[in-house]
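# Chains, contacts and geometry: an overview
The lines below spell out each chain.
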Amino acid sequence: PNDAHRPTSTIRNREAVHAFVHVLNLREGWAHCVDLPMPFGMGSETSNVLAVSPYGRFLYAGDAQRVAVVDLQRLRVIRVSGVTLGASGSLRAAVGADEHLYVGSGSTIDVFDGPGLAPLGRLQVPGPLSALTVTADGNELLVGAPGGVSVLDSDSGEAVVRIAADPAESLA
């Protein structure tokens, strides 16, 4: 059942599905719900994140305590891993061409080995970050934070360049 309108303390069946992701195929015109396993959707976290791999094979769905990998060809969750992110707050995520998953929060970016979700490291950024993406070749991260955008080496986290922006001006 859809218990989104009910306090979690009133839900008796803790094994029931409480969260899901809609997968849409716009070319073929179909939709499919992929159930996320408990306890997705049960916590008090208000920050969730979704990121699709560059070639559309995997979807990463996460919150402050776990990440699920959804195989978009088989339309099912293939792995869930508990994570401890570097800071609380809004989550941002991106996936590089090498399938590395980058999940940022506050002034840290946690790096995971794509579908395996093995932790690879943690990068410090001039945070708190407000945007995160990976360049097409996967070599650099673009990190939006107060005062501008930083371009970081995706392996070391070292700043390649910082582009200052006046917060009163739009970057659009």
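Refer to the structure above for everything that follows.
The following refers to the structure shown. (Residues numbered from 1 in each chain as written. Predicted model: local features only at pLDDT ≥ 70, side-chain atom pairs only at ≥ 80, totals over all residues. Heavy atoms only, no water.)

Okay, the sheet that holds strand β10 (residues 118–124) next. Within the open sheet, the 4 strands sit side by side as β7-β8-β9-β10. Their pairing is antiparallel. With one partner strand each, in any of the chains shown, β7 (91–95) and β10 form the two edges of the open sheet. Ignoring which end each strand starts from, the neighbouring axes of this sheet average 20 degrees apart. Inspection of the sheet shows strand β9 (residues 108–113) paired to β10 by 6 bridges, in the antiparallel sense. For V111, the partnering residue across the bridge sits in β10 and is G121. (Pairing = 2+ DSSP bridges. Helix = DSSP H or I, 4+ residues; strand = E, 2+ residues; numbered from the N terminus. Axes fitted to C-alpha atoms, helices over the stretch in contact; angles between N-to-C directions.)

It is worth spelling out the pairing of strand β3 (residues 49–52) at this point. The side-chain alternation of β3 yields one buried face, formed by V49 and A51, and one unburied face, formed by L50 and V52. By the bridge criterion, 4 bridges tie β3 to strand β4 (residues 58–62) in an arrangement that is antiparallel. The residue of β4 that forms the bridge with V52 is L59. Between β3 and β4, which pair antiparallel one after the other, the connecting turn spans 5 residues, and G56 there sits at a positive phi close to 75 degrees. (Buried < 20%, exposed > 50% of the residue type's maximum accessible area, 1.4 Å probe, protein only.)

Spatially, the 4 strands line up as an open sheet ordered β3-β4-β5-β6, and their pairing is antiparallel. Where the open sheet ends on each side, the last strands, each with one partner, are β3 and β6 (76–82). Each strand of the sheet is rotated relative to its neighbour by a mean of 20 degrees, with strand direction disregarded. Across 5 bridges, β4 lies against strand β5 (residues 66–71) in antiparallel orientation. Note that in β5 the partner of F58 across the bridge is D71.

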